[in-house]
Amino acid sequence: GAVVSQHPSWVICKSGTSVKIECRSLDFQATTMFWYRQFPKQSLMLMATSNEGSKATYEQGVEKDKFLINHASLTLSTLTVTSAHPEDSSFYICSAASSGRQYFGPGTRLTVT
Amino acid sequence: RKEVEQDPGPFNVPEGATVAFNCTYSNSASQSFFWYRQDCRKEPKLLMSVYSSGNEDGRFTAQLNRASQYISLLIRDSKLSDSATYLCVVNRGYSTLTFGKGTMLLVSP
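Below you will find a few notes about this structure.

Criteria and thresholds
Residues numbered from 1 in each chain as written. Chains lettered and ligands numbered in written order. Predicted model: local features only at pLDDT ≥ 70, side-chain atom pairs only at ≥ 80, totals over all residues. Heavy atoms only, no water. Pairing = 2+ DSSP bridges. Helix = DSSP H or I, 4+ residues; strand = E, 2+ residues; numbered from the N terminus. Axes fitted to C-alpha atoms, helices over the stretch in contact; angles between N-to-C directions. Contact = heavy atoms within 4.5 Å. Buried area = accessible area lost by both parts, 1.4 Å probe. Salt bridge = Lys/Arg side-chain N within 4 Å of Asp/Glu carboxyl O. Polar contact = N/O pair within 3.5 Å; in protein donor to acceptor, adjacent residues only side chain to side chain. Buried < 20%, exposed > 50% of the residue type's maximum accessible area, 1.4 Å probe, protein only. Core = buried A, V, L, I, M, F, W, Y, C linked by side-chain atoms within 4.5 Å. 1 Å grid on protein atoms, 1.4 Å probe; cavity = no way out; pocket = protein on both sides within 12 Å on 5 of 7 lines; lining within 4 Å. Points joined across faces, edges and corners; volume = space filled by probe spheres on them. Nonpolar A, V, L, I, M, F, W, Y, C, P; charged D, E, K, R; others polar.

What about the sheet that holds strand S3 (residues 19-25) of chain A?
Neighbouring strands of a sheet are bound in pairs by backbone hydrogen bonds; such pairs are parallel or else antiparallel. Residue and element names in this part refer to chain A. On the basis of which strands lie adjacent, the open sheet formed by four strands has the order S1-S3-S8-S7 and antiparallel pairing. Edge positions in the open sheet fall to strand S1 (4-7) and strand S7 (67-73), since each of these has one partner strand only. Going from strand to strand, the sheet's axes swing by 15° on average, the running direction of each strand aside.

What to know about the interface of chain A and chain B
In this complex, chain A contributes 17 residues to the contact, which on the side of chain B involves 16 residues. Across the chain A/chain B interface, buried area totals approximately 1400 Å², and carbon plus sulfur atoms make up 54% of it. The interface formed by chain A and chain B includes zero salt bridges. Counting across the interface, chain A meets chain B through one residue pair in polar contact (both at pLDDT 80 or more).

A look at the pattern of salt bridges
Oppositely charged side chains can pair when the atoms bearing their charge come close. Residues and elements named next belong to chain B. The tally for this structure, following the rule as stated, stands at seven salt bridges over all chains. Here glutamate 43 makes a salt bridge to lysine 45, at a shortest N to O gap of 3.0 Å. Residue arginine 76 pairs with glutamate 56 through a salt bridge whose shortest N-O separation is 3.6 Å. Linking arginine 76 in the loop between strand S8 (70-75) and strand S9 (84-91) with glutamate 56 in strand S6 (residues 55-57), this pair joins segments that are 20 residues apart in sequence. Residue classification places glutamate 56 among the exposed residues on the basis of a relative accessible area of 59%.

Digging into the nonpolar core
Counting residues in hydrophobic clusters, the biggest one holds 25 residues, and the most contacted among them are A:Val4, A:Trp35, A:Phe67, A:Leu79, A:Tyr92 and A:Leu110. Once you skip the residues sitting within four places of it in the chain, A:Phe67 turns out to touch A:Arg37, A:Met47, A:Tyr58, A:Val62, A:Leu79, A:Thr80, A:Val81, A:Asp88 and A:Tyr92. Counting 23 residues, the second-largest nonpolar core is a separate cluster that includes B:Phe21, B:Met48, B:Phe60 and B:Ile71.

Structural notes on the environment of A:Ser9
All names here are of chain A. With respect to the helices and strands, serine 9 occurs in the loop between S1 and strand S2 (10-13). Given the relative accessible area of 47%, serine 9 is considered partly exposed. C-alpha separation for the pair serine 9 and tyrosine 92, spaced 83 residues apart in sequence, amounts to 9.5 Å. If we skip the residues at most four places from it in the chain, serine 9 touches Gly107, Thr108 and Arg109.

Here's the deal with the side chain of A:Ser77
Residue and element names in this part refer to chain A. With respect to the element layout, serine 77 can be found in strand S8 (residues 76-81). Of the polar contacts made by the side chain of serine 77, one reaches the side chain of tryptophan 35; its length is 3.0 Å. Once you skip the residues sitting within four places of it in the chain, serine 77 turns out to touch Ile21, Glu22, Cys23, Met33, Trp35, Ser50, Ile69, Asn70 and His71.

Overview of the layout of surface pockets
Put simply, the largest pocket is a space of about 650 Å³. Around the largest pocket, the lining is made up of 28 residues, and of these A:Gln38, A:Pro40, A:Lys41, A:Gln42 and B:Thr85 lie nearest the centre. Residue assignment for the lining of the largest pocket shows that the elements contributing at least two residues are strand S9 (90-98) and strand S11 (108-112) of chain A together with S9 and strand S11 (103-108) of chain B. Take the lining of the largest pocket: its biggest share by element is four residues, from S11(B). The residue makeup of the lining of the largest pocket, split by class, is 12 nonpolar, 10 polar and six charged. For the second largest pocket, the calculated volume is near 450 Å³. As for the second largest pocket, its lining consists of 22 residues, and the residues nearest its centre are A:Ser43, A:Leu44, A:Met45, B:Thr98 and B:Phe99. Its residues assigned to classes, the lining of the second largest pocket comprises 10 nonpolar, five polar and seven charged.

Such coordinate-based values are descriptive only and should not be taken to indicate function.
Right, dumping it as structure tokens:
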């Protein structure tokens, strides 16, 4: 149980375009999901906390207008990277909270050319 | 000071060796503590929680010293499959996790 999926698993896009990443909890409901970003040889950095039915809470330094988060249902949160630039290339990982634990998705590798 | 600090390694050990990783955290109000394992280009996976009394899971032993704000992980009888990056993780409340940069372990035959 407690499986989290992400789609797509990898994506290559051109600079200036937008990319949407989906995070789904497959066998449980999650009122809270988290979005992380990990650059090579760096730690996972929390970008935002996504709460179902309300606005996401962004960490300091993360632009909410650039990284749009929607958590419209108890099993789905989406992260849209708007006007992507090469410096946005990273590994984006979501997690879903259940019973005090976080369950991680397999991650989405974004490359912006 | 970073919230969670770890020696990045890499730690190169032969199979069968015992290896220890350390971690310090800065927020004394941190509530719970974990070790995660992350393989290259994969998501982190929970290895074990860490309790003040110390806890053991097979070849893995974790310790927490709240007074020193120090967490450790001991791996005995290292296997090739233990090669990975080990992440020290602190829950600072409201299910919000803070990750260390990780310590890389390479176990060789």
